[in-house]
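Examining the three-dimensional arrangement
Next come the chains, spelled out residue by residue.
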2 protein chains.
Amino acid sequence: MKKALAFDIGGTKIYNAIIDEHGKILSEVKKNSTPQDFDSIKSLFETIIKNYEKDVDVIAFSTCGAVNNKNDGIIGSTGNIAKNYPKMPFKELSLKPVYVENDANCAAWAEHEIGASKGYKNSIMLTLGTGVGGGIIVNNSLLKGKNGAAGEMHFKMYCDKRRKCTCGSWDCFEIYASGKGLKLTAEEITKNPDVTTYDVIAGVNHNDSLMKEAFDKWQNDITTGIIGLANIFDPDCVVLSGSMAEFVDTDKIEKKVNSEIVTTPTKIYKATAGNYSGMIGAALLALRPKGRV
Amino acid sequence: MKKALAFDIGGTKIYNAIIDEHGKILSEVKKNSTPQDFDSIKSLFETIIKNYEKDVDVIAFSTCGAVNNKNDGIIGSTGNIAKNYPKMPFKELSLKPVYVENDANCAAWAEHEIGASKGYKNSIMLTLGTGVGGGIIVNNSLLKGKNGAAGEMHFKMYCDKRRKCTCGSWDCFEIYASGKGLKLTAEEITKNPDVTTYDVIAGVNHNDSLMKEAFDKWQNDITTGIIGLANIFDPDCVVLSGSMAEFVDTDKIEKKVNSEIVTTPTKIYKATAGNYSGMIGAALLALRPKGRV
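Residues numbered from 1 in each chain as written. Chains lettered and ligands numbered in written order. Predicted model: local features only at pLDDT ≥ 70, side-chain atom pairs only at ≥ 80, totals over all residues.

1. Quick look at the nonpolar core
- Of all hydrophobic cores here, the largest spans 186 residues; its most connected members are Ala4(A), Ala60(A), Ala283(A), Ala4(B), Ala60(B) and Ala283(B).
- Ala4(A) has contacts with Ile19(A), Val56(A), Asp57(A), Val58(A), Ile59(A), Ala60(A), Ala283(A), Ala286(A) and Leu287(A), leaving out every residue within four places of it along the chain. (Core = buried A, V, L, I, M, F, W, Y, C linked by C-beta atoms within 7 Å. Buried ≥ 20, exposed ≤ 12 C-beta atoms within 10 Å, placed from the backbone. Contact = placed C-beta atoms within 7 Å.)

2. What to know about helix α8 (residues 277-287) of chain A
Residues and elements named next belong to chain A.
- Counting buried positions along α8 yields 11 of 11 residues, so the element is predominantly enclosed.
- Considered for burial, the residues of α8 that qualify are Ser277, Gly278, Met279, Ile280, Gly281, Ala282, Ala283, Leu284, Leu285, Ala286 and Leu287.
- Residues of α8 that are buried sit in contact with β1 (3-9), β2 (13-20), β4 (58-63), β7 (98-102), α2 (103-114) and β11 (237-241). (Helix = DSSP H or I, 4+ residues; strand = E, 2+ residues; numbered from the N terminus.)

3. Thoughts on the relation of the copies chain A and chain B
- Of the transformation placing chain A onto chain B, the axial shift is 0.0 Å and the rotation is 180°, giving an RMSD of 0.0 Å. With respect to symmetry, the two chain copies, as superposed, fit the operation of a two-fold axis. Closest to the rotation axis within chain A is the C-alpha of Tyr158(A), separated from it by 2.2 Å.
- A symmetric contact is evident, with 100% of the interface residues of chain A recurring at the interface of chain B. (Least-squares fit on C-alpha atoms with pLDDT ≥ 70 in both.)

4. Description of the sheet that holds strand β4 (residues 58-63) of chain B
All names here are of chain B.
- Spatial ordering of the open sheet is given by β3-β2-β1-β4-β7, a layout of 5 strands whose pairing is mixed. Strand pairing shows two members of the sheet lacking a second neighbour, β3 (30-33) and β7 (98-102), which therefore form its edges. With direction set aside, neighbouring strand axes in the sheet form an average angle of 20°.
- Packed on one face of the sheet, helix α1 (residues 38-52) meets β1 (3-9), β2 (13-20), β3 and β4 and runs near 20° to β2.
- This element, helix α8 (residues 277-287), spans β1, β2, β4 and β7 of the sheet and lies at about 135° to β4. (Pairing = 2+ DSSP bridges. Axes fitted to C-alpha atoms, helices over the stretch in contact; angles between N-to-C directions.)

5. Re the interface of chain A and chain B
- If you look at the interface, chain A gives 34 residues, while chain B gives 34 residues.
- The element that contributes the greatest number of residues to the side of chain A that touches chain B is helix α6 (residues 209-233) of chain A, accounting for 7 residues.
- Class assignment for the residues of the side of chain A that touches chain B results in 15 nonpolar, 11 polar and 8 charged. (Nonpolar A, V, L, I, M, F, W, Y, C, P; charged D, E, K, R; others polar.)

6. Thoughts on the pairing of β7(B)
All names here are of chain B.
- Across the 5 residues that make up β7, a large majority, 5, are buried.
- Alternating residues of β7 divide into Val98, Val100 and Asn102 and Tyr99 and Glu101, and every residue in both groups is buried.
- Sheet topology note: the β4/β7 ladder contains 5 bridges and is parallel. What sits directly across from Ser62, in β7, is Glu101.

7. Brief notes about the environment of Gly278(A)
Residue and element names in this part refer to chain A.
- Looking at where Gly278 falls in the secondary structure, it is placed in helix α8.
- In this structure the C-alpha to C-alpha distance between Gly278 and Glu111, which are 167 residues apart in sequence, comes to 9.7 Å.
- Excluding residues that lie within four positions of it along the chain, Gly278 makes contacts with Asp8, Ser62, Asp103, Cys106 and Ala107.

8. Details of the confidence of the model for chain A
- In the predicted model, chain A carries a mean pLDDT of 96, and the fraction of residues at 70 or more is 99%.
- Across the interface, the model reports ipTM at 0.96; the global pTM reads 0.96. (pLDDT = per-residue confidence, 0-100.)

9. Some points on the domain arrangement of chain A
Residue and element names in this part refer to chain A.
- Domain annotation for chain A reports domain 1 (3-108 + 275-287) and domain 2 (120-270).
- Residue-level contacts link 12 residues of domain 1 with 14 residues of domain 2.
- For the side of domain 1 that touches domain 2, the leading source of residues is α2, giving 5 residues.
- Partitioned by chemical class, the residues of the side of domain 1 that touches domain 2 number 6 nonpolar, 5 polar and 1 charged. (Domains from an automatic or database assignment.)

Have a look at this one:
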């Protein structure tokens, strides 16, 4: 049974675990705070790899940031991690093969292999968290684009500059469909700048009409984005993952989407590959048989 | 040299020609008005095929409507053509192999093989005509989705129901970026319900400020849509074709797109495969060597 030492690298935490070729986690999942600077991140990788590389066939990184088509490095910037992190020489960290992929792509792949989109050739995964991540699978392959940056959910919801997006542009899907989007929607409806996503969820549970209005608007915005994506991709299914996904009503979204699209009916699922889907997807990608792209 | 009898089937006209495996048109291009009913369309196909099939290797249809993944029939409805046209038994029309593909996909393939996107693995073609067509190429293959309906440019530009789209939903890219979209934008700006796209283009040429405002807004809407698509696909290039494409400023669009996207810089080109790119693409798809998808 082949095994990977898998990492999941985010702006605040770095996880690692040993995962086999079926996506099974064989070890304890270790968690570290993400160091502030490049050298400390690299040292952390080196220490962990030194401990485990003899026991595994490959090193598999699920990372924030877009990853190139050679799966050995990061292109562009990555938000809230050390500024020069994209220069990380992943391949040099081990004598074993090293594989790197974007975390949303890894999570989408985990869903495709062992999760909610298993058995489907064409799927879209949306990670609804603080931001929105996207991983798209076309004909059983990850959609990477010319340089590996595909799957960014920054298409516009309005063309008249209402909300500044984290990307610097305006009114992207991410700034409506994310947790931050829910907070902003609730702010607009309640006129309370201190309202939180927690307040909204609690309010919905207590039948608060303004909070329900905010929640419904947020869910409608997610639905609207999915309608566009379903018309572009004609996917078998759309998988919703991330911390905010647990609150949405997939049946309601699915009905609305299928009543509006001009392509053929699709399915909306919640993710099932679990909290460590990034590491699992990275391991499954790194360990997959040759010839599978 | 292998040859195809190629058709281009639209709601008003049906074209046919003989095209070789390099996309060269070898015959006169014949034009017929599209008959009103199913039987007459079928008879027209049969008559033309009877005349030419002995001289060709395949019959290649570029057609309105989404085409299935077996490339032998149409799924769903097709707008302004006989209602039961989707039931056309294309394979039964000839003893030679018959290949069917959506017209926008065919045109995108022609650009990919002999036109503006030649040499690029990942491209998006947008046909700006009365409506908007889309053909997307991912890793040198047409993006078809689960049933063949992918590439529909019906993602939303607004979420607050401003313009009814031809698809029945609201505010899709098509109803802003099309010729009809330009007319509607000009109507909104001039308050004149009789204004035409021709008036706008003529007005821009005569420095009419309202017409320039309408044109600029229309071009900005096209740009906004391309920003979303470029973030989703990280394409090498976006090709603009169709009757309205000649008026747009691709340099201006390219600069704006590349200043806003979070993926890597892309190119915006006008189509170069010509008026018969649908037939050419159908022929090239039907005649391409085995193993090429």
